[in-house]
Protein chains: 2
Amino acid sequence: MGERFTVVYSITAATEAEARARAEDICVEQTVEFPPDLIPPGPIRDEVVGRIESLRSLGANRAEAAVSFAVATAGGELTQLLNVIFGNISLKPGLRVERLDLPPSLLAGFKGPRFGGAGLRALLGGPRRPLLCTALKPMGLSAAELAELAYRFALGGIDLIKDDHGLADQSYAPFDERVGRCAEAVARANRETGFRCLYLPNVGAPAHQLLERARLVRERGGGGLLVAPGLVGWDATRLLAEDDGIGLPVMCHPALLGSFVTSPDSGVSHSVLFGQLPRLAGADTSVYPNWGGRFSFSRDECLSIADGARVRMGSLRPLMPAPGGGMTLDRIPEMLDAYGNDVVFLIGGALYGRGPDLVATCRHFREMVDA
Amino acid sequence: MGERFTVVYSITAATEAEARARAEDICVEQTVEFPPDLIPPGPIRDEVVGRIESLRSLGANRAEAAVSFAVATAGGELTQLLNVIFGNISLKPGLRVERLDLPPSLLAGFKGPRFGGAGLRALLGGPRRPLLCTALKPMGLSAAELAELAYRFALGGIDLIKDDHGLADQSYAPFDERVGRCAEAVARANRETGFRCLYLPNVGAPAHQLLERARLVRERGGGGLLVAPGLVGWDATRLLAEDDGIGLPVMCHPALLGSFVTSPDSGVSHSVLFGQLPRLAGADTSVYPNWGGRFSFSRDECLSIADGARVRMGSLRPLMPAPGGGMTLDRIPEMLDAYGNDVVFLIGGALYGRGPDLVATCRHFREMVDA
């Protein structure tokens, strides 16, 4: 009997019988997609079809089923693993992926985060405090203007300077020129400060240019990659993270992924979408909108992401959560209290809004976190 | 002033003022993602920020806004176009992409469907009836067993035989062996029947093997590609469709895309998700679950996909909708009535369930459609 992995689903169902029927439907829909009574006895029925490992009520109209699948059904590929976890049933409302429990034989096919939170700290010279992150924006500035911003952020002590996720290869600030200028500006600031600030360009490239563009980041002296799996694909994200010719930390961005968490009853849990899946894809840190900003995630949902970022997944390193989405400096004490030190504070617009002296603003940001 | 494209969003809002505020938020969030009062007067404010072109009430708590964006914001890339259309706001419930209106200057960057519905018909020898499609399954069969099924389907007169979308490169039926055997079986049947049945293997490969695997389909005599944009990415789908070294028709599969249409108020409309976007990505036909099958799409939602499949998009060819997901032979008259002849009837499990003589079942299927 081959090894199996387990997906915990929550299920909308009025009765236990309905919950069981829906769990049985998951077992079939996600594997053989075949009339159950036509499946002959033997290995397909015994091994390939999903298996309900447990089923329990979560109260009114909601149940939780742990369904196991043969590791062989995923064929060693992230694309197909995602397909087994949620491919067809993404089309069926009232089913939600809550947790993934993947055995070592499956996880062995994934390198996971190359650096993880601890490795990121090491790259930055070993600070024990939360890491400071901001974004280069707005879209429409020239590469030279963005580089000047990058210089001032780095001079002020920001650890991770990422492109805004909307900076691609537009005529405003073409990718190659932007990466070169911003990386140079950050290196110049680092020479002045002694800090080790990293610049993370956004590599949302067409599929056939993605690897090339990411390698260019390395060549131009970039310090990491910003990648949106919703735009480029989860497996393309994995490819960029695992490629030894790049070898840079990867920061995941949630663009186009929001629909998976729009409904509390359907889709994928915050913990899986922004914690477990980015780790499978090799991300070292994962951006998501914190509670109380411009977006609507709850405190519990955000803290569940921090759980998914460090829950045991074989030997995969934990990643560092990066809550953002409208955070301000006055939120720091609350976020420190909630997340502890293993967190990236991503503050974008609010740094720009605090007066013209960006360097002073960043120093203030750093002092608040150091304190 | 540069050319602009327009996205029509529906918006949940209690008042007109709230609807306008949410539309203004879209304009900013999807472009500069920057405090509006900090944007200096000039081209960024005038051109880069989105612009509300119209706003109207849709009745209680719902409004519709047409928002235009500079073509330059998309930078000529599908990934970034998707990002501008719905990247960050996918994380904000109550916003839904309803329609895309893309000008020729933007569409010029996309080849669109290489064949489209009319081209598919031509490849098949020019039938004017709906096209017949089925799937090789269940997962767990060997390549030889799947090839035997393919032979019988082709002998019975099926036009398009696709892999089940769960067939990847598992040990049960490895990709290379499966494609070779099934393509050979279909070619053998075609020699006997004089038909031009096409075999479409599923190319849900890891990112670095995708192009290679698709080219292998061509080398092995496959007749098209089954591609799930939700698994491999929209732009990877485009790459496979546009690559002249492959040059095969592409059938889109909806795996992992369901969460975009789970909520009627959030996400992306059926028409865009299964009609307009697949066309941008170059798909010639697009699979989705028809009403009244195993899934929950309504009749109106399904017919809106057929609209998106043929709505004017510059010179992009129309694609052919492929409703499936639990269809049975007795549904054919109803589907003919609703869709007319420009449709692919995808019937999977129900063909297997109609008795052991698959060839006779397929002939019956074809006679029903011919009649």
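Residues numbered from 1 in each chain as written. Chains lettered and ligands numbered in written order. Predicted model: local features only at pLDDT ≥ 70, side-chain atom pairs only at ≥ 80, totals over all residues. Heavy atoms only, no water.

Q: Got a minute to help me understand empty space enclosed by the protein in this structure?
A: Think of a ball as big as a water molecule: rolled over the atoms, this probe shows where empty space is left. The full count for this structure, using the stated rule, is nine cavities of 30 Å³ or more. One number sums up the size of the largest cavity: a volume of about 160 Å³. The wall of the largest cavity is formed by 15 residues, among which Pro229 and Gly230 of chain A together with Pro229, Gly230 and Phe260 of chain B lie closest to the centre. Those elements that provide at least two residues to the lining of the largest cavity are helix H9 (229–232) of chain A together with helix H9 (229–232) of chain B. The greatest single-element share of the lining of the largest cavity, amounting to three residues, is contributed by H9 of chain A. Taken together, the residues of the lining of the largest cavity sort by class into 11 nonpolar, four polar and no charged. Estimated volume of the second largest cavity: approximately 90 Å³. (1 Å grid on protein atoms, 1.4 Å probe; cavity = no way out; pocket = protein on both sides within 12 Å on 5 of 7 lines; lining within 4 Å. Points joined across faces, edges and corners; volume = space filled by probe spheres on them. Helix = DSSP H or I, 4+ residues; strand = E, 2+ residues; numbered from the N terminus. Nonpolar A, V, L, I, M, F, W, Y, C, P; charged D, E, K, R; others polar.)

Q: What is the right way to read the pairing of strand E6 (residues 160–163) of chain B from this model?
A: Strand residues, when the strand is regular, have side chains that alternate between the two faces of the sheet. Residue and element names in this part refer to chain B. Residues Leu160 and Lys162 line one face of E6 and the alternating positions Ile161 and Asp163 line the opposite face, and both faces are buried. As defined by bridge partners, strand E5 (residues 131–136) adjoins E6 across four bridges and the pair is classed as parallel. Looking at the pairing, Thr134 lines up with Ile161 of E6. Two strands pair when backbone bridges link them, and E6 and strand E7 (residues 198–200) are joined in this way by three bridges, in the parallel orientation. Looking across to E7, one finds that Leu160 is bridged to Leu198. This β-α-β element, E6 to helix H7 (residues 175–193) to E7, shows right-handed connectivity. (Buried < 20%, exposed > 50% of the residue type's maximum accessible area, 1.4 Å probe, protein only. Pairing = 2+ DSSP bridges. Right-handed = clockwise from strand over helix to strand, strands pointing away.)

Q: I tried to follow unusual backbone geometry on my own but got confused; where do I start?
A: Across residues other than glycine, the phi torsion is negative in most instances, and most of the peptide bonds are trans. Residue and element names in this part refer to chain A. For the peptide bond that leads from Lys137 to Pro138, omega is 0 degrees, which places it in the cis range. Considering the arrangement of structural elements, one finds Pro138 in the loop between strand E5 (131–136) and helix H6 (143–155). Its identity as a non-glycine residue notwithstanding, Leu256 has a phi of 70 degrees, on the positive side. By the element assignment, Leu256 lies in the loop between strand E9 (250–252) and strand E10 (267–268).

Q: In this structure, what is going on with the sheet that holds strand E12 (residues 320–324) of chain B? I would like to understand it.
A: Sheets are built from strands that pair by backbone hydrogen bonding, the pairs being arranged parallel or antiparallel. All names here are of chain B. Read from one edge of the open sheet, four strands run E8-E9-E11-E12, paired in parallel fashion. Strands with a single pairing partner mark the edges of an open sheet, and in this sheet they are strand E8 (225–227) and E12. Here the average twist between neighbouring strands, direction ignored, is 25 degrees. Bridge count between strand E11 (residues 285–289) and E12: five bridges; the pairing is parallel. Bridge pairing in E12 links Ser286 to Pro321. (Axes fitted to C-alpha atoms, helices over the stretch in contact; angles between N-to-C directions.)

Q: Even after reading the chapter, I still don't get the sheet that holds strand E1 (residues 4–12) of chain A, so can you show me in this structure?
A: All names here are of chain A. Spatial strand order, E2-E3-E1-E4-E10: five strands in an open sheet with mixed pairing. With partners counted over all chains shown, the strands left at the sheet margins are strand E2 (51–57) and E10, one partner each. Bridge count for E1 against strand E3 (residues 62–70) is nine bridges, and the pairing is antiparallel. Across the sheet, residue Tyr9 finds its bridge partner in E3, namely Ala65. Helix-sheet contacts for helix H1 (residues 16–29) involve E1, E2, E3 and strand E4 (95–101), and the interaxial angle to E2 is about 150 degrees. (Contact = heavy atoms within 4.5 Å.)

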